[in-house]
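Examination of the molecular architecture
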Amino acid sequence: MSSFPLLFDLGSTRPTTRDIAKAVKDGGTAALTEAERRADQARYQEITCRSALNPVKGMPFDWTLNPYRGCTHGCHYCYARRYHTQFEMNADDEFASMILVKKNFVDVLTRELAKPSWTGEYVAVGTATDCYQPIEGHYKLTRRAIEALRRARNPLGIVTKGPMIVRDRDLLVACSRVATCTVYMSVPTVDEDAWQRLEPGTAHPLQRLRAVRELVDAGVNAGVLMNPIVPGFSSSREKLERTVKAIAGHGARFVGCNVMFLEAGTRSHFMKFLEREFPAWLPRYEKLYAKKYAPEDYRKQVQGMVRVLQQRYGVSAREREPHVEARVEAEQVGFAW
Ligand code: SF4
């Protein structure tokens, strides 16, 4: 705590993520006395970032952009929860209630895009946070970052659960004229109960699908990711079929899916959530998630069923998705969950 006053005694300069991690380590999130609490009860800490374009490995893309860290949508399965531990914050409540805002993000991005060494590679926006979570309405960092990408004629993809993205449809249409521009709306399920239990801070799934419809009608290449499908909550054939049917009915250009995986902070958060709200399911989950991924057979069954449903309702498979075998007929798959 003793170092904390110094941290913010920096004139107009905001702390870096390293400063934040040190302050929280020494004094918990209470040490972030400049973090603003807003109407949603979350606190927002403005920070200075050193870089905007973030290189990643093991993903279908090599570069990501995340104007915020943490997410008030608070999905219990969110794989980004574990990233909050990098800032000495927990992957539970603090992930959804202490949001870091990279105030200088757009300036840094603009400089990086102008460097001779930048070759204009595809950039994925919103992979470790939701770039259209409610606070975007205030800061507009995502919109301004997309404007920078458009000026640079840089290809991009955006993943979000936020219908606020329709605010930027004019810009997304403009991006599409100069480079690849794809919107991946995340709608794991249209089942009301699963939505309310798993994604407490998100917009209703049908509101997200209406946003897809508006984007497609405006000429944006927009589709849906049913990510993640959560065993027992959203994996039954009936729920998958209702979801794919609704996605097709809203004009999505494509659909893809993946079964939930669990690691590090996300794993402990999700198991605590189950223990609290669905204790009877814990033993099955511990067996199904003995490792990071559910067993391959299970994942293939789910993906195979979704593939069959895609064909049935006439919606294309996800763009850029690795080949998924679809030999399993939906009718032949007997899900226990
Ligand atoms: S909306 Fe996305 S980033 Fe936000 S909590 Fe849910 S899964 Fe995580």
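Parameters at a glance
Residues numbered from 1 in each chain as written. Predicted model: local features only at pLDDT ≥ 70, side-chain atom pairs only at ≥ 80, totals over all residues. Heavy atoms only, no water. Core = buried A, V, L, I, M, F, W, Y, C linked by side-chain atoms within 4.5 Å. Buried < 20%, exposed > 50% of the residue type's maximum accessible area, 1.4 Å probe, protein only. Contact = heavy atoms within 4.5 Å. Axes fitted to C-alpha atoms, helices over the stretch in contact; angles between N-to-C directions. Helix = DSSP H or I, 4+ residues; strand = E, 2+ residues; numbered from the N terminus. Parallel < 35°, antiparallel > 145°, perpendicular 65-115°, else oblique. Left-handed = near helix turned anticlockwise from the far one by under 90°. Nonpolar A, V, L, I, M, F, W, Y, C, P; charged D, E, K, R; others polar. Near = heavy atom within 4 Å. Expected span 1.5 Å × (residues − 1). Pairing = 2+ DSSP bridges. Right-handed = clockwise from strand over helix to strand, strands pointing away. Salt bridge = Lys/Arg side-chain N within 4 Å of Asp/Glu carboxyl O. pLDDT = per-residue confidence, 0-100. Phe/Tyr/Trp six-rings, centres within 6.5 Å; stacked < 30°, edge-to-face > 60°.

By size, the foremost hydrophobic cluster in this structure holds 79 residues, and its most contacted members are F233 and F270. Apart from residues no more than four positions distant in its own chain, F233 is found in contact with A194, L198, K239, F270, F273, L274, F278, W281 and Y285. If you look at the next biggest cluster of nonpolar residues, it comprises eleven residues, including A23, A31, L32 and I47.

At a minimum axis distance of 10 Å, the contact between helix α7 (residues 169–178) and helix α9 (residues 205–218) shows a crossing angle of 45°. As far as their axial angle goes, α9 and α7 are oblique. Crossing handedness for the pair α7 and α9: right-handed. Residues R169, L172 and V173 of α7 pack against E214, L215 and A218 of α9. Considered class by class, the residues forming the contact of α7 with α9 number four nonpolar, no polar and two charged.

It is worth spelling out the site of the ligand at this point. All residues in the neighbourhood of the ligand are listed as C71, H73, G74, C75, Y77, C78, F95, T129, D130 and K161. Of the residues assigned to the shell around the ligand, the class counts are five nonpolar, three polar and two charged.

Along α7, the positions that sit buried rather than exposed are L171, L172, V173 and C175. In the core, the buried residues of α7 are packed alongside α6 (141–151), β8 (156–160), β9 (181–186) and α9.

Glancing now at helix α13 (residues 296–313). Helix length check: α13 (18 residues) gives 26 Å between terminal C-alpha atoms against 26 Å at 1.5 Å per residue, within 8%. Every buried residue of α13 is listed here: Y298, V302, Q303, G304, M305, V306, R307, V308, L309 and Q310. As for α13, its buried residues are in contact with β10 (221–229), α10 (237–249), β11 (255–259) and α12 (282–288). Positive phi appears at G314, one or two residues downstream of α13, with a value of about 70°.

A word on the environment of T72. With respect to the helices, strands and loops of the structure, T72 is situated in the loop between β5 (68–69) and α3 (93–97). For T72, a relative accessible area of 17% puts it in the buried group. When the C-alpha atoms of T72 and F95 are compared, they prove to be 7.7 Å apart, with 23 residues separating the residues in sequence. Leave out the neighbours within four places in its chain, and T72 touches D40, A42, Y44, A96, I99, Q133, P134 and G201.

Moving on, we come to the pairing of β11. Of all five residues that make up β11, four are buried, and the element is covered over most of its length. Across four bridges, the pairing between β10 and β11 is parallel. Counted as the bridge partner of M226 is C257 from β11. A crossover links β10 with its parallel partner β11, the connecting element being α10, and its sense is right-handed.

Here we come to the packing of helix α4 (residues 105–114) against α6. The geometry of α4 relative to α6 is characterised by a closest axis approach of 9 Å and an angle of 15° between their N-to-C directions. In this view, α4 runs roughly parallel relative to α6, as classed from their interaxial angle. Handedness of the α4/α6 crossing: right-handed. Residue-level inspection shows F105, V106, L109, T110 and L113 of α4 in contact with α6, the latter providing L141, R144, A145, A148, L149 and R151. Within the contact of α4 with α6, the residues separate by chemical class into eight nonpolar, one polar and two charged.

Now for the pattern of salt bridges. Per the counting criterion, the structure on display carries 19 salt bridges. Ionic pairing is found between R167 and E136, a salt bridge with its closest N-O pair at 2.7 Å. Of this pair, R167 sits in the loop between β8 and α7 while E136 sits in helix α5 (residues 136–139), and the two are 31 residues apart along the sequence. Since its relative accessible area comes to 0%, E136 is described here as buried. Via salt bridges that share partners, E136, R143, E147, R167, D168 and D170 belong to a single interconnected network.

As a further point, take the confidence of the model for the protein chain. Across the protein chain, pLDDT averages 88, with 90% of residues at or above 70. Of the regions scoring below 50 in pLDDT, residues 320–337 engages in 38 contacts with residues more than four places distant in sequence or in other chains.

Before going further, it helps to examine the sheet that holds strand β3 (residues 54–55). Ordered by their spatial adjacency, seven strands build an open sheet running β3-β4-β7-β8-β9-β10-β11, and the pairing between neighbours is mixed. Each of the sheet's edge strands pairs with one partner strand only, and the pair in question is β3 and β11. Examined bridge by bridge, strand β7 (residues 123–125) and β8 share three bridges and lie parallel to one another. Across the sheet, residue V123 finds its bridge partner in β8, namely L156. Docked against the sheet, α9 engages β9 and β10, running at close to 155° with respect to β10.

Attention shifts here to the packing of aromatic side chains. The description of two aromatic rings rests on the distance between their centres and on the angle between their planes. Scanning the entire structure with this criterion turns up 13 aromatic pairs. Ring centres of Y285 and Y289 lie 5.6 Å apart, and the angle between their planes is 10°; this geometry places the pair in the stacked category. Assessed through its relative accessible area of 0%, Y285 is described here as buried. Classification of Y289 by relative accessible area gives buried; the value is 0%. Put simply, the rings of F233, F270, F273, F278, W281, Y285 and Y289 touch in pairs and so form one group of aromatic residues.

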